[in-house]
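Descriptive structure summary
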Amino acid sequence: MRETFHNCCSLVEMPRQIHQQHCSSHFIQYIEREIAYSKFFKNYLIPNQPCMFSKKFTEDWNCRKKWVTADGKPNLQRLLQEFDESPVPVANCSAKEYNSNPKQIMPFKEFIQYWREYIQNGHSSPRGCLYLKDWHMQRNFPEHNTYKTPIYFSSDWLNEYWDTIEVDDYRFVYMGPKGSWTPFHADVFRSYSWSANICGRKKWLLYPPGQEEFLRDCHGNLAYDVTAPVLQDKGLYPQFEEACQPLEIIQEAGEIIFVPSGWHHQVYNLEDTISINHNWLNGCNLDIMWQFLQEELSSVQREIGEWRDTMDSWHQHCQVIMKSCTGIDYGEFASFLKTIANNRMSFLNSCPRNADNIQDHLAESLFALGPQHVAFDLQRVLHIFESMLSNEDFKRLEPSALSFKPEELLQEIREAVRTIV
């Protein structure tokens with residue numbers, strides 16, 4: 001059924017048992033059953049607030065039926081039959097490499113063998129605690145029809161762009177034994193994320209944006225583990241006492257958590273757990289991504305500032321270094337925005353159910369969200385492009401960094417918006 005952008009219905013939210021020692025202005029709402037997309041947009045996306053969806057939102061997913069045993073445990077035998085020799089990325093939670101865990105690629109069946117032995121040995125192993133994470137299962141096995149992205153998360157520009165250029169995606173499967181965990185971090189490009197527990201339970205420690213500044217050491221490095229006793233050392237972490245207590249949330253099997261932009265978090269698997277996670281962004285948090293990219297470039301410029309006057313291509317080198325650190329530079333960010341705008345203008349110029357020049361699933365998503373959402377998207381792209389054109393570092397890009405003329409694209413977007421609003 002089509003969900004229009006302005007449709008409203010009663011918002012069904014129930015209080016959730018969580019630890020309440022946190023910044024007083026932040027809390028998490030529990031969404032028991034279906035709500036209008038417009039309510040999610042208004043109450044969570046725009047104000048950048050977390051929430052939890054009940055297991056009703058995942059009960060029809062194939063993976064919740066096939067990947068889970070009758071007693072709620074990971075169905076390791078079924079998983080082994082499905083994925084066998086597939087190469088998967090596996091992190092070692094018992095080792096630290098910079099501010100994360102070292103990874104290796106191994107056959108899926110080797111990880112399952114390890115997991116079985118780990119369980120049989122009382123959830124311990126001389127190999128450490130291994131965690132299969134950031135696996136592009138959906139991209140590698142699209143025919144499995146494992147799950148369906150809820151409409152609330154369907155305005156997903158990040159995966160729309162990488163699907164269009166057929167290079168990458170930000171849809172992942174995680175499988176980890178009891179005790180596996182992810183160190184303190186914020187998501188790529190300061191994107192949103194949603195994470196669904198297929199089975200098992202997680203504990204989340206969530207900090208609102210800005211609190212991470214109190215969780216840096218005296219050298220400016222972000223804490224690796226926010227529960228570590230070393231943070232009590234005022235010499236090493238001089239501002240730790242100024243940080244609020246995190247939102248501590250227990251996520252049960254079947255539930256989906258929405259993690260907003262810039263909310264740093266640390267996550268533990270309390271049981272043997274399988275989860276599906278998407279990083280995503282759209283017009284609601286596009287300005288946060290743009291601000292993040294500007295801050296990242298400024299950081300690079302400070303690091304190599306001493307060579308500024310001795311290198312003719314210093315600004316281009318800064319862009320190269322920035323991309324190696326964050327995965328994107330100003331040129332690709334502009335191409336990203338162009339792709340999003342073009343897809344929406346193509347949709348508007350076509351019969352909604354016959355937009356042959358964009359992907360079928362994207363056309364369906366845009367149709368479901370409605371023309372007012374498309375107008376909102378284009379207005380947000382327009383706003384950020386206007387900001388970029390006044391940005392001195394963007395102006396310094398070499399002509400070869402862009403495959404189009406931003407001013408011409410801006411005019412096209414303005415004309416498209418006028419046809420809707």
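You'll find the protein entered in an unreviewed UniProt entry as 2-oxoglutarate and iron-dependent oxygenase JMJD4, with Cyprinus carpio carpio given as the organism. In its Sequence similarities (unreviewed entry) section, the UniProt record describing the protein reads: "Belongs to the JMJD6 family." Taken directly from UniProt, the Catalytic activity (unreviewed entry) text for the protein runs: "L-lysyl-[protein] + 2-oxoglutarate + O2 = 4-hydroxy-L-lysyl-[protein] + succinate + CO2".

Okay, the overall build of the protein next. Within the protein one finds 13 helices and 14 strands. If one aligns the C-alpha atoms of the protein with their principal axes, the spans along those axes are about 65 × 55 × 45 Å. For the protein, long-range pairs separated by at least 24 residues make up 76% of all intrachain contacts whose partners lie at least 6 apart in sequence. Only carbon and sulfur atoms are counted for the fraction: they give 48% of the accessible area of the protein, which is about 19,500 Å². Of note, the protein has its 40 positive side-chain charges centred 5 Å away from the centre of its 55 negative side-chain charges.

A word on the pattern of salt bridges. Counting across every chain of the model gives 18 salt bridges. The closest approach of N and O atoms between glutamate 392 and lysine 395, which form a salt bridge, is 3.2 Å. With glutamate 392 and lysine 395 both in helix H12 (residues 392-395) and three residues apart, this pair spans about one turn of that helix. Put simply, arginine 396 and aspartate 393 hold a salt bridge, and the shortest N to O gap is 3.1 Å. With relative accessibility at 35%, the residue arginine 396 sits in the partly exposed group. Residue aspartate 393 is classed as buried on the basis of its relative accessible area, which comes to 18%. Through salt bridges that share partners, Arg139, Asp163, Asp168, Asp169 and Arg171 make up one connected network.

So, about the sheet that holds strand S13 (residues 264-269). Strand order across the open sheet formed by four strands is S8-S13-S10-S11, with antiparallel pairing between neighbours. Both edges of this open sheet fall to strand S8 (181-185) and strand S11 (247-251), since each of them pairs with a single strand only. Mean inter-strand twist for the sheet, computed between neighbouring axes without regard to direction, equals 15 degrees. Note: strand S10 (residues 202-207) against S11, five bridges, orientation antiparallel. Residue leucine 206 lies in a different strand from S11, and its bridge partner there is leucine 247.

It is worth spelling out a negative patch on the surface at this point. A surface patch of like charges, here negative, comprises Glu407, Glu408, Glu412 and Glu415. Looking at the element boundaries, glutamate 415 is found in helix H13 (residues 406-418).

The UniProt feature table records "domain: JmjC" (unreviewed entry) at residues 138-297. Across residues 138-297, the secondary structure splits into 15% helix and 30% strand, with the terminal C-alpha atoms separated by 32 Å.

The biggest cluster of nonpolar side chains holds 120 residues, and the ones touching the most others in it are Phe40, Trp67, Phe111, Trp135, Met175, Phe333 and Phe336. What tryptophan 135 contacts, discounting residues up to four positions off in sequence, is Phe83, Pro87, Val88, Pro89, Phe108, Asn140, Phe141, Arg171, Phe172, Val173 and Met175. In terms of nonpolar packing, the next biggest core, distinct from the first, is built from 11 residues, Leu206, Ile249, Ile257 and Val259 among them.

Our focus in this paragraph is helix H9 (residues 330-348). Under the 1.5 Å per step criterion, the end-to-end length of H9 is 27 Å for 19 residues, consistent within 8% with the ideal 27 Å. Counting buried positions along H9 gives 15 out of 19 residues, so the element sits mostly inside the fold. For H9, the N-terminal cap is aspartate 329; the gap from its side-chain oxygen to the backbone nitrogen of glycine 331 is 3.3 Å.

Here we take up the environment of histidine 383. Among the secondary structure elements, histidine 383 is positioned in helix H11 (residues 371-389). Since its relative accessible area comes to 40%, histidine 383 is described here as partly exposed. Residues histidine 383 and aspartate 287 lie 96 residues apart in sequence; the distance between their C-alpha atoms is 8.9 Å.

Turning our eyes to something else, we now look at the packing of aromatic side chains. For the structure on display, the rule yields 43 aromatic pairs. With 5.6 Å between their ring centres and 50 degrees between their planes, phenylalanine 111 and tryptophan 115 make a pair best called tilted. Of this pair, phenylalanine 111 and tryptophan 115 both sit in helix H4 (residues 108-120), four residues apart, which is roughly one turn of the helix. The exposure classification of phenylalanine 111 matches that of tryptophan 115, with both residues buried. Between tryptophan 162 and tyrosine 170, the aromatic rings sit 5.5 Å apart at their centres with planes inclined by 80 degrees, giving edge-to-face as the arrangement. Ring pairing ties together the aromatic residues Phe40, Tyr44, Phe53, Phe57, Trp61, Tyr147, Tyr152, Phe153, Tyr192, Trp194, Phe258 and Trp280, which thus form one cluster. Positioned above the aromatic ring of tyrosine 268 is the side chain of lysine 203, whose terminal nitrogen or guanidinium carbon lies 5.2 Å from the ring centre.

Moving on, we come to the side chain of serine 155. With respect to the helices and strands, the residue serine 155 is situated in the loop between helix H5 (137-140) and helix H6 (157-165). In this structure serine 155 comes out as buried when scored by relative accessible area, which is 3%.

Bringing H13 into the picture now. Spanning 13 residues, H13 covers 18 Å between terminal C-alpha atoms, matching the ideal 18 Å at 1.5 Å per step. All of the buried residues in H13 are Pro406, Leu409, Leu410, Ile413, Ala416 and Val417. Down the axis of H13, the sector holding all buried residues measures 125 degrees, keeping them to one side. Projecting away from the buried face of H13 at angles above 90 degrees are the exposed residues Glu407 and Arg418. On the buried face of H13, the contacting elements are H9, H11 and H12.

Rules behind the numbers
- Residues numbered from 1 in each chain as written.
- Predicted model: local features only at pLDDT ≥ 70, side-chain atom pairs only at ≥ 80, totals over all residues.
- Heavy atoms only, no water.
- UniProt positions renumbered as here; feature names shortened; annotations may be inferred.
- Helix = DSSP H or I, 4+ residues; strand = E, 2+ residues; numbered from the N terminus.
- Contact = heavy atoms within 4.5 Å.
- Areas by Shrake-Rupley, 256 points an atom, 1.4 Å probe, with all protein chains shown as cover.
- Lys, Arg positive; Asp, Glu negative; His and termini not counted.
- Charge placed at Lys NZ, Arg CZ, Asp CG, Glu CD.
- Salt bridge = Lys/Arg side-chain N within 4 Å of Asp/Glu carboxyl O.
- Buried < 20%, exposed > 50% of the residue type's maximum accessible area, 1.4 Å probe, protein only.
- Pairing = 2+ DSSP bridges.
- Axes fitted to C-alpha atoms, helices over the stretch in contact; angles between N-to-C directions.
- Patch = residues over 30% accessible without salt bridge, like charges linked within 9 Å, V, L, I, M, F, W, Y side chains within 5 Å.
- Core = buried A, V, L, I, M, F, W, Y, C linked by side-chain atoms within 4.5 Å.
- Expected span 1.5 Å × (residues − 1).
- Polar contact = N/O pair within 3.5 Å; in protein donor to acceptor, adjacent residues only side chain to side chain.
- Phe/Tyr/Trp six-rings, centres within 6.5 Å; stacked < 30°, edge-to-face > 60°.
- Lys NZ or Arg CZ within 6 Å of the ring centre and 35° of its normal.
- Arc of directions from axis to C-beta.

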